[in-house]
Amino acid sequence: MSSEEANSAALIGEDASLLIVEDDKPFLTRLARAMEARGFTVETAESVEEAVAKARANPPAYAVVDMRLGDGNGLDVVAAIREKREDARTIILTGYGNIATAVTAVKLGAVDYLSKPADADDVFAALTRTSGERAAPPENPMSADRVRWEHIQRVYEMCDRNVSETARRLNMHRRTLQRILAKRAPR
């Protein structure tokens, strides 16, 4: 065993089970290989339904879950994992990063929230970071458009993802809100 493998094993611990939930097949394959090379025993799933079934049958010690999947929301997977295994270290991975969903993910038990594109080193660092360590602060502040988008997302999450209620609270037309929600976050 090389010193790098020994360091990885020490960071991971005895139970190295990792569930990766991602609907982008090429990214899923690359990340699974990279995590296996770092010492994890990897299971994969491409849907919420498949991931929840695997989490209930054999709850993993670690999980990397995509936020938006073809058949639902990755937060449902995080909740299912925490239901079966309180000590699981779960991170959310998403191309639609926003503060509201990050807060929801942490409340459900995720230990970190990474925006795509995240490489295997970022994922490994997030999974193995001790509770006292802090992630580095962002280098660039948010734009005004991004702040507006974040506010809309926060209200949307507070309304349990109900578009009509969110539009009412924000005093905007429902269709306008739907168009905003369908777009990617501004930089």
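For the structure, check the block above.
Presented here is an overview of the structure given in this document. (Residues numbered from 1 in each chain as written. Predicted model: local features only at pLDDT ≥ 70, side-chain atom pairs only at ≥ 80, totals over all residues. Heavy atoms only, no water.)

It is worth spelling out a negative patch on the surface at this point. A cluster of acidic residues, Asp23, Asp24, Glu49 and Asp71, forms a negative patch at the surface. Within the fold, Glu49 resides in helix 3 (residues 48-57). Assessed through its relative accessible area of 64%, Glu49 is described here as exposed. (Patch = residues over 30% accessible without salt bridge, like charges linked within 9 Å, V, L, I, M, F, W, Y side chains within 5 Å. Areas by Shrake-Rupley, 256 points an atom, 1.4 Å probe, with all protein chains shown as cover. Salt bridge = Lys/Arg side-chain N within 4 Å of Asp/Glu carboxyl O. Lys, Arg positive; Asp, Glu negative; His and termini not counted. Charge placed at Lys NZ, Arg CZ, Asp CG, Glu CD. Helix = DSSP H or I, 4+ residues; strand = E, 2+ residues; numbered from the N terminus. Buried < 20%, exposed > 50% of the residue type's maximum accessible area, 1.4 Å probe, protein only.)

Okay, the pattern of salt bridges next. In the structure shown here, the tally under the stated rule is 8 salt bridges. Across the pair Lys54 and Glu43 runs a salt bridge, and its minimum N-O distance is 3.2 Å. Of this pair, Lys54 sits in helix 3 while Glu43 sits in strand 2 (residues 41-45), and the two are 11 residues apart along the sequence. Given the relative accessible area of 27%, Lys54 is considered partly exposed. Judged by relative accessible area, which is 42%, Glu43 ranks as partly exposed. Glu50 serves as the salt-bridge partner of Lys54, at 3.5 Å between the closest nitrogen and oxygen. Placement of the pair is Lys54 and Glu50 together in helix 3, with a separation of 4 residues, close to one helical turn.

What follows covers helix 4 (residues 74-84). Among the residues of helix 4, those classed as buried are Gly74, Leu75, Val77, Val78, Ala80 and Ile81. Measuring from the side-chain oxygen of the N-cap residue of helix 4 to the backbone nitrogen of Leu75 gives 2.8 Å; that N-cap residue is Asn73. (Polar contact = N/O pair within 3.5 Å; in protein donor to acceptor, adjacent residues only side chain to side chain.)

As defined by bridge partners, strand 1 (residues 17-21) adjoins strand 2 across 5 bridges and the pair is classed as parallel. Its bridge partner lying in strand 2, Val21 is registered against Ala45. Handedness of the β-α-β unit built from strand 1, helix 2 (residues 25-37) and strand 2 comes out right-handed. (Pairing = 2+ DSSP bridges. Right-handed = clockwise from strand over helix to strand, strands pointing away.)

A surface patch of positive charge is lined by Arg148, Arg174, Arg175, Arg179 and Lys183. Of all the elements, helix 9 (residues 174-182) adds the most residues to the positive patch, at 3 residues.

Among the 5 residues in strand 3 (residues 62-66), 5 count as buried, and that is most of the element. Alternating positions in strand 3 separate into two faces, Tyr62, Val64 and Asp66 on one and Ala63 and Val65 on the other, with burial throughout. For strand 3 and strand 6 (residues 89-94), the ladder comprises 5 bridges, and the chain directions are parallel. Along strand 6, the bridge assignment pairs Val65 with Ile92.

By the element assignment, Ser17 lies in strand 1. Given a relative accessible area of 18%, Ser17 falls into the buried group. Separated by 2.9 Å, the side chain of Ser17 and the backbone nitrogen of Ala61 make a polar contact. With near-sequence residues (within four places) excluded, Ser17 lies in contact with Thr41, Pro59, Pro60, Ala61, Tyr62 and Arg85. (Contact = heavy atoms within 4.5 Å.)

Turning our attention to the sheet that holds strand 6. Read across the sheet, 5 strands follow the order 2-1-3-6-7 without closing on themselves; strand pairing throughout is parallel. In this open sheet, the two edge strands, each paired with only one partner strand, are strand 2 and strand 7 (110-115). Across this sheet, the average inter-strand angle for adjacent strands is 15 degrees, counted without regard to direction. Sitting on the sheet, helix 3 touches strand 1 and strand 2, and the angle it makes with strand 2 is about 140 degrees. Across the sheet, helix 4 lies against strand 1, strand 3, strand 6 and strand 7, angled at about 160 degrees from strand 3, the strand it touches most. (Axes fitted to C-alpha atoms, helices over the stretch in contact; angles between N-to-C directions.)

By themselves these figures say nothing about function.
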